Structure formats: structure tokens, C-alpha cells
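# Secondary and tertiary structure notes
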Amino acid sequence: MWRLRRAAVACEVCQSLVKHSSGMKGSLSLQKLHLVSRSIYHSHHPTLKLQRPQLRTSFQQFSSLTNLPLRKLKLSPIKYGYQPRRNFWPARLAARLLKLRYLILGSAVGGGYTAKKTFDQWKDMIPDLSDYKWIVPDIVWEIDEYIDLEKIRKALPNSEDLAKLAPDFDKIVENLSLLKDFFTTGHKLVSEVIGASDLLLLLGSPGETAFRATDPGSESDKHYRKVSDKEKIDQLQEELLHTQLKYQRILERLEKENKELRKLVLQKDDKGIHHRKLKKSLIDMYSEVLDVLSDYDASYNTQDHLPRVVVVGDQSAGKTSVLEMIAQARIFPRGSGEMMTRSPVKVTLSEGPHHVALFKDSSREFDLTKEEDLAALRHEIELRMRKNVKDGCTVSPETISLNVKGPGLQRMVLVDLPGVINTVTSGMAPDTKETIFSISKAYMQNPNAIILCIQDGSVDAERSIVTDLVSQMDPHGRRTIFVLTKVDLAEKNVASPSRIQQIIEGKLFPMKALGYFAVVTGKGNSSESIEAIREYEEEFFQNSNLLKTSMLKAHQVTTRNLSLAVSDCFWKMVRESVEQQADSFKATRFNLETEWKNNYPRLRELDRNELFEKAKNEILDEVISLSQVTPKHWEEILQQSLWERVSTHVIENIYLPAAQTMNSGTFNTTVDIKLKQWTDKQLPNKAVEVAWETLQEEFSRFMTEPKGKEHDDIFDKLKEAVKEESIKRHKWNDFAEDSLRVIQHNALEDRSISDKQQWDAAIYFMEEALQARLKDTENAIENMVGPDWKKRWLYWKNRTQEQFVHNETKNELEKMLKCNEEHPAYLASDEITTVRKNLESRGVEVDPSLIKDTWHQVYRRHFLKTALNHCNLCRRGFYYYQRHFVDSELECNDVVLFWRIQRMLAITANTLRQQLTNTEVRRLEKNVKEVLEDFAEDSEKKVKLLTGKRVQLAEDLKKVREIQEKLDAFIEALHQEK
């Protein structure tokens, strides 16, 4: 208080002297006052304006009156008392006051210089935030467009109204007259003036150090000023840190309140209280565009240059943890040291009333507030990753699309990539490292992609691989944001604290970045909640020396600030590039449409899915046409196919052995035994096989039969694949074989031929069968003995030595048969010897086995010719058959055998036809539908079966149109939001 009183006295004296010395009753203009007076009157005068506003420090005592003009002060004339004797004290006082004038002017000049120097030092201490203007939302710079600041300024009270609130300094001056006893000497007056300078220093005037600078003899004051400057700087830093943290907490509280309010609003909209249809959010529309582009083939002319945030980093650097902090949920699978991110995961963050997650191709929502849903989501992501990875590989380039919604989430699209590795460990594919590099480069080479480079702060920066990769893809750092994780471990373990600053500024490796951030992602416990990790992160940075020593700025720490910065940068990149990309797709669409019109002017632009649907309808129509096949056609083809399958067995194993017995009773007995064995073991199975093959042949005929002008060969591969897969899946009913066996056995036991027509049909059937066998036998003999004399002369062919031997043997055996036409089927040993000696006598060396082989064919031909002659005799034998061949030398038991076979074939064909039309055709149709449904879900199968330039061109055109339409809708919504 005493200093305050001394300063007030000094100020009044100075003003009184100035007024009386000028001889003017009014107040002087501000320009004519010295610097100290001007600082008291108007610290904001134009002559004192600086380029930057003066920083508030903890040792400055600001008041609402510091920028207001003081009232005009009027000094009361000092009336001195009666002097008993005359002296020259007025002269001494005037001299001292004149000396005081120089002291005041010198102090003002020196104080102003010192103040300017101190202000420049403080100015240098303030970080240059011009590089971080992108962090501040654009609305801040455009606030004057939305708020009329001039109107607000005019509404505020002027300085004169505020000055009325100031104390009445006239009364204070009148009270100072009571102190006139203290001015008996000039020395005391100067001391009071110097004391006033101390008061000005405490009040924080711009000329606060002027008085001290004019006192060269005050060594203690100099020391005090040096010490106080250092303390003031430390106190300023500490107060700045606390202020930043205070504002950070206020911002978090406001964000939390805003989150709750938005949640309530979205919930009301979700329940339909406002009866309005919610439009898709911008980020959802943008995500749909990226989903379409994810299927965009690399062979297309237009490349995907739309922005997205690509998260890259070394393995176990904390990429997944950073993403989870941004998404505010533990959504990714975890493993201790094991590679968990095996394929890219595209995460779309958007606002919503509930904190949920859902996949692009699924309708199930995972509630991220429930631990069981979180566990299920992590398990589902892991399953999808392992499904994408092909056999023999460790990672896959196929993208998993995931949408995360919740109140307060920053809108953006992030892609989590597999961690970059240095060496391939056991259990990994040999090409894992190269595959990860190729996947990362494919995403980072997009000129509009924002690279979120994650670096583990707890390990040496020189061991990082990802920084070199990022530097190659973005050498100037114009779209890279560097994030240092595990800063808490780094601060504990790193011996040199400045090393962290070197890491985050990129001085330890050649990498530039748009922004640098430091985060803490927990204590390493996978069971920690997001809220617990956030509290731990905030607590760490509040107590961390990294902020106290200004190694890190407050806006460079916490995942919250990182999320805000990345979101702002993402949307800025989107606004700058999306229209350019839309124009590029428009040009591509025009080129594709022109090419289609020139190559396929009369065809519709059907993409692969539309072509598949068209082919599906054709295939189903063809399957339905199977049910329209007439019963007569089914039975004819079944009977013919079954006889072709069993004819060899009937002739060789049943008829010939029985016919060679030369006895009617033995013939019938042999036939009955062999037919019974055949029916029990082979015949039903052969019949089912024949029926299934017949169904396949008819189905194939309908599938592959050309349709004339309507036939489109682009479906041929698909139809063939559907046919093969359907046939592979179809299985004949096993119970049909047992029932068929009984029917066939009963049919073969019946020997009663009812009329002459059936008798003639049996003879005709027998003749056809025997003639076919005779023809086959003659062909076999011709191949054995070679060409005859006619072919040798006409076609210049010769016999080989082996054929010559066979021919000589055949001639010798035919001579034997002519001598004995009823010779049995087998040659005796002496007959073989006789034939061999006869041949040797003509100079032909022959082996006994060759004689037997030749005899088999020669006798077979002889027997078949005899059987055919017997058929001609039996044509008129139906009468004898009715009398059971009594009193007749004609026996036609072989005709009865073939009638039994023919009747069995007819009954079997009828039974199989009924099973086909009633059961198997429908089951085959069902299999075809299942195969088509499976093919419809298998995109790779469709790409493989529906190929060609026409398909690819239509596919490109449709996708470009779809992307352009979605981009146009997104751009329109983006303009509306502005």
C-alpha cells in the first residue's frame, strides 16, 4: 500500500508540473506527453501498437481499467505556511525539479527500449502456428461471414461510459496535499518519484523498467530483475501449460455434452418423432463410393485417386490401438507378437445414435457397448481375414469393409494395413514381406491418400522400416501425419529426453510430415477399456515433462487431438479432389460408351450379373423341357441303351454257352441258371446306370443344342459347368434298384409267347443281335488275317508275316469245319497237333495258342451263321411252339430266350421311365437350381465362366456409371452441407 500511495503522489506531481510549466489550464494532447504518461493514459494508442498482441503473463496484473482514459486531473494549489525567515528553498526545489525532468525523460526512453526488448523475447518464445492452420476448422477463418462483429462492437459501451466507473482522482489529489510536510527537501521528492517507478513496474506498464534502467547505482535491482525474468519465463510456461490443459478439459466436457445431445437428437430421429426420412450421411455416401472402387479392376483406364486415411506402421507399433482409440471401441483381434492384421480393413467412422458396428455384406449389428458383441466382432474379423488368405499365403490384399457408428465419432475413412516386417519368421510364407510392401505401396501411391505413419516410441527409431517406405511414397511430407505411440514407455526408458523430440520432428530419419503427434494407447493390458486408456493418457500428459519442457505442444498430444486433426485433413483433401475425380470418371464413361456403340450396336449393355441371370433363366427353361419328353421317347432310348450295355453279356455268357450244348433240356437249364445269376448281381445296377446316363444325355442335349439365331455362345461355358456340377451332385435313388430287381426277375421267368406277332418280333430281335455279332466277328477275322486278294489288288495293301500265319491257320481250320459242321466249340489236343503239322508241312511255323485264338473266331462265325439259318427255319415254328414242339424235330428255344430278354428290356425301360419322369427329373432340376444359386454367390466362378471383351466392356461401363452417380450425389450433398 505504501508503494501505491507513493506512486499516486508521483503521478500527481508529474502532471501538475507539466500543466503549470506549459501555462495551460486544459490537459495536454496525448502526443505531447512523455512515454510514461502516454502508457498510463492510453496503452492502446496507435504509436504504441505492435505486430502481435501482448502476451498475458502470470506476473502482470490486468484490470479492466488499463485500456481506459483516465479522468482529467486537477491539482489543487499547494499553500505553504508562514515562514519565520527568508531562505532560497524555492530555487533549490526548482533546480531539483529541473533535474527530475531529465531523470523522467531518460527513464521513459530506457524503459521503452527495455520493454520492447522484453516483448521481442516473449514474441520469439511463442511457437509459429501458421503451419497448423489446417488443424483449425475453416469455420473459424470464415466466422466474420456468419457473425456481424461490427454490430457486436457497437453494442458494447464506449470508453467514456466505462471511465465513469473509475475512481475520482481529483479527490485523491486533494488528499495528497496532506503530505506536503514530506516535501521539505528535494531529495525526498526525488525518492518519492523513484518509488512511483516501482509501482509502475508492479502494475505492468510498458515503461516498467525505465526507472530501473536510469539508476546505474542499484546493483541489487539489476540482480532482482535478472532473477525475476527467469522466474517469469518459467511461470509463464507453467501457466500456459495449465491454461491449455484447462481449455482441453473444457473442450472435452463440451464434446461430451455435445455427444449426449447429438445422441438424443439422433435417437429421436431414429424413432421417427419428427416424421422425416433421414438422409444418408456424407461419410456413408463416400464410403459407398470407396466400396465400389474396391472391386474396381486394375485393368480399368481410370485409377482410384479418392482420399482415404491409410494407417501404416511396423508390426506391433500400435496401429490397431490407435484405430481403436479413434473408433472408441476394442474392435480388432489381438495377439501377443503374432501377426493379427492379415488383410486390409476399411473402417468407416460416422455419427449415429448408438455405438454399433456392421459389415458391408451383412445386416447384423454389433453393439460396441457390450463385451460379448465386441468379442463376437473380433472373432468375425479374424475369420474373415483367414478366409481371405489363400492356401500357402500369410496376408491377403482383399479388403474387409467395416462401418462403425456412434455419437461423437469423427467422420472419416481409415484403412488398417498389415504391419510392415523386417524378416520372415517361421510359419509365414516366404513372400510375406514383399506382399505386405506391395499392398502398402498400392494404397500409399494414391496421391490423395493421407498416410498415418505409426512409429513405436519405445524402440529405436533407426530400426523402423515404415519410415523409409513412407518417405519414398511421400518425400515432401505433404500428406503424411506422423504419430509416435507408447510415449509413456519412451519417457521412462529413453536416457536422453531430447531424443523423443528428435523422433517426433523427424530428425533421426529422413522423413517429412504434415503434422506430428504423440499418443499413449494404454498400459499394454488388452482388457483395458477405452475410457480407462483415455484417462491414463490425459493423466500422463498432464504430468509429463515433454509438455512442461515444451518438447511437445498441447495440440500435438492425445488421440483426441489426433482424431480431430486427421478428420479435418481428410475432409479438406476430399473437398479438394473429389470433383476432379468425378470429371475423370465422366471422361472414362464417355470413352466406354463410344467403344460399346462401335462394337456391339444391337446388343444391350449387360454386365456379368445380368448375363448370369439371363443364362440362369435359359438353363431353368431347358431343365423344365425334360419333363415334356414323351414317355415313348424315354422308353425307346432306355431300351436301346440298355440292350447296347447288356448285349455282349447276353450273347457271350448266356446264349453261346447254352446253345453249344446241342440239347434242349440242357439249353433251358443253362439259360435259367445264368439269367438268375445275372439278375441278382448285375442287371439292376446296369439298368440304373443306363437310366442315369440317358438322363444326362437328354439334359446335355437340351443344354447344348443350338437355338438358331437366338443362340448366344457367351453362355456355353457356364451351361457346361452347370451341367457337370449338377450331374456330379445328383445321386440315383438306391431303393429303385431293389424294386427293379424283382420286376426283372419276374419278367425273365415268363416263357409264354401269346401270339404270332410277339414270336416274329422275338425272331427279328434275335436276327439283329446275331447279325451284329457276326459283323463284329468278321471284322475281327479280317484284322487278324489282313486284307483279301481284292483289297490287295485295288488298294495296294499287303499282309504282314503274322497275318499270313493267321490266314494259313484259318484256312486249315475252315477245312476241318467243312468236314464236321457239328463240331463242338473246343478243339481237342490231337486236332491242334494235326493242324500244326499240316501247316509245318507247308513251311508255316505256328504256335498252339495262335491256333486256339484263330479257332475261336472261325468257330464263332460258323456258329453265328448256323444260328441265323436256324432263325429262318423258326419263323414258321410258332405253331410247334404252341404244341411245345411235340412230334417235331424243330426246336426254337433260342427264340424263346430272346423273347424273354426283349420283354425284360421293355418292362425295365417302362419302370425306369416312370422313375425318371416322377422323381429323377425333379431332383435334377432341384440340383440345377442349387448349383445356379451357388454360382450366383461365387463371383470368381462367374468371372471364370462369363468371359470375353463384351462382358468386360459392359462390366467396366456399369461400374463407371455407378461410381459417377454416387460421386455426383456425394458432391451435391457436400455442397448442400456447405
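Our structure is the block above this text.
Presented here is a report on the structure given in the accompanying data block.

About the criteria used
- Residues numbered from 1 in each chain as written.
- Predicted model: local features only at pLDDT ≥ 70, side-chain atom pairs only at ≥ 80, totals over all residues.
- Heavy atoms only, no water.
- Helix = DSSP H or I, 4+ residues; strand = E, 2+ residues; numbered from the N terminus.
- Buried < 20%, exposed > 50% of the residue type's maximum accessible area, 1.4 Å probe, protein only.
- Contact = heavy atoms within 4.5 Å.
- Areas by Shrake-Rupley, 256 points an atom, 1.4 Å probe, with all protein chains shown as cover.
- Axes fitted to C-alpha atoms, helices over the stretch in contact; angles between N-to-C directions.
- Parallel < 35°, antiparallel > 145°, perpendicular 65-115°, else oblique.
- Nonpolar A, V, L, I, M, F, W, Y, C, P; charged D, E, K, R; others polar.
- Pairing = 2+ DSSP bridges.
- Disulfide = S-S within 2.5 Å.
- Salt bridge = Lys/Arg side-chain N within 4 Å of Asp/Glu carboxyl O.

Before going further, it helps to spend a moment on the overall build of the protein chain. Looking only at helices and strands, one finds 36 helices and nine strands in the protein chain. Expressed as a percentage of the 978 residues in the protein chain, the buried residues total 43%. Sequence separation of at least 24 residues holds for 80% of the intrachain contacts in the protein chain that already meet a minimum separation of 6. Looking at the protein chain as shown, the accessible area adds up to about 55200 Å², and 51% of this sits on carbon and sulfur atoms.

Turning our attention to the packing of helix H31 (residues 829-841) against helix H32 (residues 848-874). Where H31 contacts H32, the axes come no closer than 10 Å and their chain directions differ by 105°. In terms of orientation, H31 lies roughly perpendicular with respect to H32. Of the residues in H32, those touching H31 at Ile832, Val835 and Arg836 are Pro848, Ile851 and Lys852. Here the residues of the contact of H31 with H32 are counted per class, giving four nonpolar, no polar and two charged.

Further remarks concern the pairing of strand S5 (residues 400-405). In terms of burial, S5 is a largely internal element, five of the six residues being buried. Bridging between strand S2 (residues 345-350) and S5 involves six bridges; their strand directions are parallel. Paired with Ser350 across the two strands is Lys405, which belongs to S5. Inspection of the sheet shows strand S3 (residues 356-359) paired to S5 by four bridges, in the antiparallel sense. Paired with Ala357 across the strands is Val404, a residue of S5.

Attention now goes to the state of the cysteines. The final tally for this structure, using the stated rule, is one disulfide. One disulfide in the model links Cys874 with Cys892; its S-S distance is 2.0 Å. Linking Cys874 and Cys892, the disulfide has an S-S dihedral of approximately -100° and is accordingly described as left-handed. You can see Cys874 sitting in helix H32 and its partner Cys892 sitting in the loop between helix H33 (878-882) and helix H34 (893-937), a full 18 residues away along the chain. For the pair Cys874 and Cys892, one class covers both residues: buried. Cys871 forms no disulfide, and the closest cysteine sulfur to it belongs to Cys874, at a distance of 6.6 Å.

Using the criterion set out here, one finds 41 salt bridges in the structure. Note that Arg645 is salt-bridged to Glu693, the shortest N-O span being 2.4 Å. In this pair, Arg645 is assigned in helix H23 (residues 631-659) and Glu693 in helix H25 (residues 683-704), connecting sequence segments 48 residues apart. Exposure remark for Arg645: the relative accessible area of 30% places this residue in the partly exposed category. Residue classification places Glu693 among the partly exposed positions, given a relative accessible area of 33%. Arg900 is the partner of Asp672 in a salt bridge, and the nearest nitrogen-oxygen pair spans 3.1 Å. Here the residue Asp672 occupies a position in helix H24 (residues 664-681), and Arg900 occupies one in helix H34, the gap between them amounting to 228 residues. Of the residues examined, Asp672 reaches a relative accessible area of 25% and is grouped as partly exposed. In this structure Arg900 comes out as buried when scored by relative accessible area, which is 6%. Because the salt bridges share partners, they merge into one network encompassing Arg589, Glu593, Glu605 and Arg961.

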